[in-house]
Amino acid sequence: MAPLLTMTGIKKHFGGVPALRDASLEIEPGEVHALIGQNGAGKSTLIKILTGLYRRDEGEVEFAGAPSHLSSPRGAQSAGIATIYQELNLVPLRSVSENVVMGQEPKSFGFMINWPEAHRRTREILSRFGIEIDVTAPLGSYSTAIQQLVAIARAVSMDAKLVIMDEPTSSLDSSEVEILFGVVRELKSSGVSVLYVSHFLDELFQICDRVTIMRDGKTVGCREIADTTKLDLIAAMLGRNADEIEAEGLTELAGGSAAFDEVVLDVDHVATGPRLSEFSMSLHRGEIVGLGGLLGSGRTEAARSIFGLDPLTSGTLRLNGREFKPAEPSEAIRARIAFLTEDRKAEGIVPDMSVRENLTLALLPSLRRNGQIDREREKELVSEFIRKLGIKTSHMDQPIRELSGGNQQKVLLARWLATKPDILILDEPTRGVDVGAKREIQAIIRTFVDEGHAVILISSEFEELVEGANRIVVMHEGKSVSELTNPGITENALVRALAHHEDATP
Amino acid sequence: MLDQNAFDMRKYISRNPQSVAVWIALFVLIVFGLLRYDNFGSAYNITSFLNYNAMFIAISVGMCFVILTGGIDLSVGSVAAFTSVVAAYLSPYGIEVAMPLAILSGVGFGLFNAVCIVFGRIPPFIATLATMLGAKGGSLVISGAQTIAVDWGSNFTHLGMEKAMGIVPWTIVLVGILIIGLWIVLEMTSLGRTILAVGGGEDASVMMGLKVNRAKIFAYALSGGCAGLAGVFLASGFGAGQPLEGVGWELSAIASVVVGGTLLTGGLGSIPATVAGALLLGLVFNILNFENGKGWISFSAYWQMVIRGAFLFAVILFQTRVMYRRPNVEFAK
C-alpha cells in the first residue's frame, strides 16, 4: 500500500538559525506512528509544517498520493490533517458541539446552523469513544481529558485521514490515558493514521506501530516498535551508541558525599501533584546536585516545590535542620533560596528596562533609604556585579534586550546572587547561550558553591550535568529514582540510569 | 434523554448568569415606573422612548459584535455624527437614497477600522480612536461646523414620524428588524459562531481553520453600518444633520454591552441582553424625567448623569458579585 504521508528532505530556518536540517517522515494508512526526540530536536517545527502553520524552505511533502503545499491550517484541515495540540486549541467558553462542528456546521436553508443535527452528530462521535456528556455545556466546564477527546472528536467529524497528537497524555491521569488509548485504537481500526508525539517512551510500546527519531533537526532513524528497545531509542535520541553503553557494563554507582557533611536542605518524599509524586534528595554545603531526567520527568516541578511555587501535598522539606514550608516564593526568598527559571523571556528579564534596573529588581526593598532608592549604592552594586560576572554591556543603563542571551542570563544570575542566597536553583541556566558565556556561567556557579553555598542544577544537557554536578539525582515520572555519585558520574552511566528506569516500569 | 434544544430557563440562567442582572434591573425599573407614574405605560411614552433610543440600540448591537471578537470600536459616536450630516445632505433625494448611502458611509469607516486592525495589526483601541478623531473632523469639514437641515419636502422626515400600519414608528420597526437579524446571525450562522470563537480564543480559531479575518472585518463593518443607521435616525429625529452630536456615545454603547453581560474580552455575550442594557440606560433618564415632572425634586441634566453612573455601577456590581460566578468553566492550561 502506498504511504499516506511522505515528507522528505524538509529544511526550515528561522532568521538564519536552522530548525530543521534534513527531516523526513513516512506514515502508512491506518498506522499509529510515534515521533520522538529531545527538546529542540525539531519535532514541533516538523508538525507545524505539516499543519500549515509554517512554510518549509525546502523539501517534498506528499499526502494521500498527491504533492501537497500545506500553506495554512485551513488548507491542511481540508486536506484531512487534524492536530490535537498540547495546549488545547479549542474555545473553552463555547459549547462542546460548537467546538466539534465549527467550520463545517450542518446547515438548513443553506445558512442557518442546524443545531439539533450538530448536537446529534457530536453525541454520536463521542459515544463511539464511550463518552456520554451534555454537548451543549461549555467545553471549559469539562476536565482536560474530556476536552482532549472533544478535540479528537472534532478531527473525526472533519473526516481527518491523519490525526496528529502532540503530547496527548502529559496532563492525563492513568485511567484517562487508557480511555485515550482506546480512542487511538478506534481511530486505527477505522483506517485513520495517527502521528503520536510523546516523551513517555512506555506509551509508544503500548500503542504505536513504528517510531521516527529526530535529533538536531534531522531524522536519525525509523524503526518498527516491535524490533526496538527503550535503551536503543534513548541512545538514538541522544546520539549515542547503544552497544557501547551496554558494553561499559554496570560500574558500581556507589561512592559517597564524604567531602560534604553539612546538610542545608533535606527533601523527604515530597509530592505536589501528579507530575511530582515522590521526590527525595539532600543538599550539602559546597555541593552542586544535578537533577537528571528526560523531559516531563518532574525536574522543574521538583524545583518549584522547594521554591514555594507549588504547595506540598505530602512530604517534608527541612532547611538547616528545621522544617520549612514555603507557601509562596517570597518565603523561600527570605529563607535565602533563589530560583533562576528556565523561561528567561517570560519569567526573567524585563526587556525594555536597563541592565541596572533588571539587576536590582529583586533588591529594591533593601536599597531604599528615606523612601527613595539609594542611587549611589545601586550603582556601586551594579558595577561590582558587571565586573565580577564579566557582563558585556556598553553601559549599565543599556536596555537589556540589546544584550546577547548569555549576558542577559548573567544579569539574571547577578540579580539572584545580589540577594545573597544560600541555595541557588538553576533550571537550564545555559540554554540558548553561546559556548564562551556557558563556560563563564559555569565558573560563576562553581565560585558560588566554593564560597560555602549550595546549588541544585537542572539541565537537559548530560554533558553539563556530568561535568558540573557533584551528585546527580535521577528523576523519572515524578519520582526521584536513583542517584549517581562520583566517581560513577559519566554520561553513559546517566543514560543507563534513565534507560534502566524506563525499562523498570511495565 | 430529554430534548436538549428546548428552551430551559434554569439552563439559560446557569449558562448566562451574567446576563440575568440586566433583565432583573430592567423589570424592576419598569414595574417601579408603572406603579409610580400615571403616563409611564402610555403608548405615547413607550413609542417616544423607543423612538429616541433606537439610535443607541443600533450602535450598541453593532458594538456588541465588535466586543464579542475581543475588540472595541471607539469611532461609533463620531461616525453617527458624520452620517447624520451625509443623510441630511442627501435628504432631497428621498429616504431610499439617503438612508442606504448614509449607512454605506458608516460601513466605509468600519471597513477602514477593519483594514487597520486586521491587516495593519494596529490595536483596535488605537485604530478606532484615530477613526473617531478623523470622522469627527470630517463631519465638521463637510458641514462647516453647522447643523444641516434636512429637506422637509422629501419623504426623509417620514422615518421618525410616520408609523407602519399606523401603529409603530418606522424607526422602531427598522431597529427591531436589525435586532432580530443580528440575533439570528450571531446564534444561528457560522459567521456568528466564528465571531464568538474568535473572541473566546483567537489562536485556537486560527488552528481550527476558521475564517478569523473575515469575522473581524464583518464585525467592524457592521459596527460602522449600525453607527450609520444611528446617524440616519439622528438626522430624521432632529430634522437636521448634527456634526457636533455623538460625543460619548461609544462609551454608552460599551456600557450597554457590558451591562448586558457580554465579556469585554469577548467570546461570551448576547444580542437581546445588549438591547436590554441599552433600554436600561435609557430608562434611567426616562424615569428621572418623570420624577422631575412630579415636581417633588428636580434633577439637573448633570445630576441625571451622576445618577445614571451610580445606577450602572450598582448593576455591574450586582452582576459580578452576586450573579456572575463561573467556577464551572475551568480553563485547560
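Fair warning: this is a prediction, and the values are worked out from it, not measured in the lab.

Scoring rules and cut-offs
- Residues numbered from 1 in each chain as written.
- Chains lettered and ligands numbered in written order.
- Predicted model: local features only at pLDDT ≥ 70, side-chain atom pairs only at ≥ 80, totals over all residues.
- Heavy atoms only, no water.
- Domains from an automatic or database assignment.
- Contact = heavy atoms within 4.5 Å.
- Buried area = accessible area lost by both parts, 1.4 Å probe.
- Salt bridge = Lys/Arg side-chain N within 4 Å of Asp/Glu carboxyl O.
- Polar contact = N/O pair within 3.5 Å; in protein donor to acceptor, adjacent residues only side chain to side chain.
- Helix = DSSP H or I, 4+ residues; strand = E, 2+ residues; numbered from the N terminus.
- UniProt positions renumbered as here; feature names shortened; annotations may be inferred.
- Pairing = 2+ DSSP bridges.

Asks: Describe the domain arrangement of chain A, with residues and values.
Replies: Residues and elements named next belong to chain A. Domain annotation of chain A identifies domain 1 (5-245), domain 2 (249-336 + 421-506) and domain 3 (351-420). Averaged C-alpha coordinates put domain 2 and domain 3 at centres separated by 27 Å. Each partner contributes to the interface: domain 2 provides 15 residues, whereas domain 3 provides 12 residues. Interface area, domain 2 with domain 3, both sides summed: about 1,100 Å², of which 72% is carbon and sulfur. Considering only the surface of domain 2 that becomes buried against domain 3, Pro421, Glu440 and Ile444 emerge as the three largest contributors, covering 40% of it. Linking domain 2 with domain 3 are 2 salt bridges. Salt-bridge contacts for Lys410 lead to Glu440; the nearest nitrogen and oxygen are separated by 2.3 Å. Along the contact surface separating domain 2 from domain 3 lie 4 residue pairs in polar contact (both at pLDDT 80 or more). Counting residues per element, the ones that place at least two in the side of domain 2 that touches domain 3 are strand E21 (423-427) and helix H17 (435-450).

Asks: Mind laying out the UniProt feature "transmembrane region" (unreviewed entry) in chain B, listing which residues take part and the relevant values?
Replies: As annotated by UniProt and renumbered to match this structure, "transmembrane region" (unreviewed entry) occupies residues 20-37, 49-68, 101-122, 167-186, 217-240, 271-290 and 296-318 of chain B. Between the end C-alpha atoms of residues 167-186 of chain B there is a gap of 29 Å, over a span that is 85% helix and 10% strand.

Asks: I'd like to hear about the environment of A:Asp216, residue by residue, with values.
Replies: All names here are of chain A. Along the chain, Asp216 turns up in the loop between strand E11 (210-215) and strand E12 (218-224). Separated by 124 residues in sequence, Asp216 and Pro92 have C-alpha atoms that sit 35 Å apart. When near neighbours in sequence (up to four residues on either side) are disregarded, Asp216 contacts Arg21 and Ala41.

Asks: Before we move on, can you summarise the sheet that holds strand E17 (residues 322-323) of chain A with the specific residues and values?
Replies: Residues and elements named next belong to chain A. In spatial order, the strands read E14-E13-E16-E17; together these 4 strands make up an open sheet with antiparallel pairing. One side of each edge strand has no neighbouring strand; the edge strands of this open sheet are strand E14 (279-284) and E17. Note: strand E16 (residues 314-319) against E17, 2 bridges, orientation antiparallel. Of the residues in E17, the one forming a bridge with Arg318 is Glu323.

Asks: Describe unusual backbone geometry, naming the residues involved and giving the relevant values.
Replies: Residue and element names in this part refer to chain A. Here Lys420, not a glycine, exhibits a phi torsion of approximately 55°, which is positive. As for its position among the elements, Lys420 is in the loop between helix H16 (405-417) and E21. Positive phi, close to 45°, is recorded for Glu477, a residue that is not glycine. In this structure, Glu477 sits in the loop between strand E23 (471-476) and strand E24 (479-485).

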